[in-house]
Amino acid sequence: MLFLWSQGGQVAKLYDDPLAIWREWADDVRGEPVPVGHFIPEEAPEQTARRLLDFLS
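The rules behind the values
- Along each chain, the written sequence defines residue order, and numbers are assigned to residues from 1.
- Restriction of local features to residues with pLDDT of at least 70 applies here, the model being predicted, together with a cutoff of 80 or more for giving and counting side-chain atom pairs; totals for whole chains, interfaces and linings are based on all residues.
- Computation of side-chain values covers all heavy atoms of the structure but excludes hydrogens and water.
- Buried Ala, Val, Leu, Ile, Met, Phe, Trp, Tyr and Cys residues that are joined via side-chain atoms within 4.5 Å together make up what is termed a nonpolar core.
- Residue burial is assigned from relative accessible area. The probe radius is 1.4 Å, only protein chains are included, and a residue is buried under 20% of its type maximum, exposed over 50%, and partly exposed in between.
- Whether two residues are in contact is decided by their heavy atoms: any pair within 4.5 Å suffices.
- By definition, any uninterrupted DSSP run of H or I lasting at least four residues is a helix, any uninterrupted run of E lasting at least two residues is a strand, and each is numbered from the N terminus.
- Given a helix with a known number of residues, its expected span is that number minus one, times 1.5 Å.
- By construction, the arc corresponds to the directions joining the helix axis to the C-beta atoms.
- Counted as salt bridges are all cases of a side-chain nitrogen of Lys or Arg within 4 Å of a carboxyl oxygen of Asp or Glu.

Peer 1: Describe in detail the nonpolar core, supporting the description with residues and values.
Peer 2: Core analysis: the largest hydrophobic core is formed by 5 residues, namely Leu4, Val34, Val36, Ile40 and Ala44. Setting aside chain neighbours within four positions, we find alanine 44 in contact with Val34 and Val36.

Pasting the structure below:
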């Protein structure tokens, strides 16, 4: 599973390690914060595409 979250958003503020939460349900959990606001694909389309392609390859 790929989980991206806003570096300055609520997920980053509320959880020290948001990936740990997802590891309770999935075996392969990867992700990282992205330095954007709430709309990650719209605000950082190249970064989002790169992370998706890395994850899917």
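Peer 1: I'd like to hear about the environment of proline 33, residue by residue, with values.
Peer 2: With respect to the helices and strands, proline 33 occurs in strand β2 (residues 30-34). Here the alpha-carbon distance between proline 33 and glutamate 43, two residues 10 residues apart in the chain, equals 13 Å.

Peer 1: I'd like a rundown of helix α4 (residues 45-56), residues and numbers included.
Peer 2: In this model, α4 (12 residues) spans 16 Å end to end at C-alpha, consistent with the 16 Å of a helix rising 1.5 Å per residue. Three or more residues of α4 are buried, namely Thr48, Arg51 and Phe55. Axial view of α4: buried residues confined to an arc of 70°, hence all on one face. Turned more than 90 degrees off the buried face of α4, the exposed positions are Glu46, Leu53, Asp54 and Leu56. Tucked into the core, α4 has its buried residues touching β1 (2-6), β2 and α3 (40-43).

Peer 1: Report on the pattern of salt bridges, specifying residues and quantitative values.
Peer 2: Throughout the structure, instances matching the rule amount to 2 salt bridges. Between aspartate 28 and arginine 30 there is a salt bridge, and its shortest N-O distance comes to 2.9 Å. Since its relative accessible area comes to 40%, aspartate 28 is described here as partly exposed. Relative accessible area serves as the criterion here: at 37%, arginine 30 is assigned to the partly exposed category. A salt bridge links arginine 51 to glutamate 32; its shortest N-O distance comes to 3.2 Å. Here glutamate 32 lies in strand β2 and arginine 51 lies in helix α4, a separation of 19 residues in the sequence. Classification of arginine 51 by relative accessible area gives buried; the value is 15%. In this structure glutamate 32 comes out as partly exposed when scored by relative accessible area, which is 34%.

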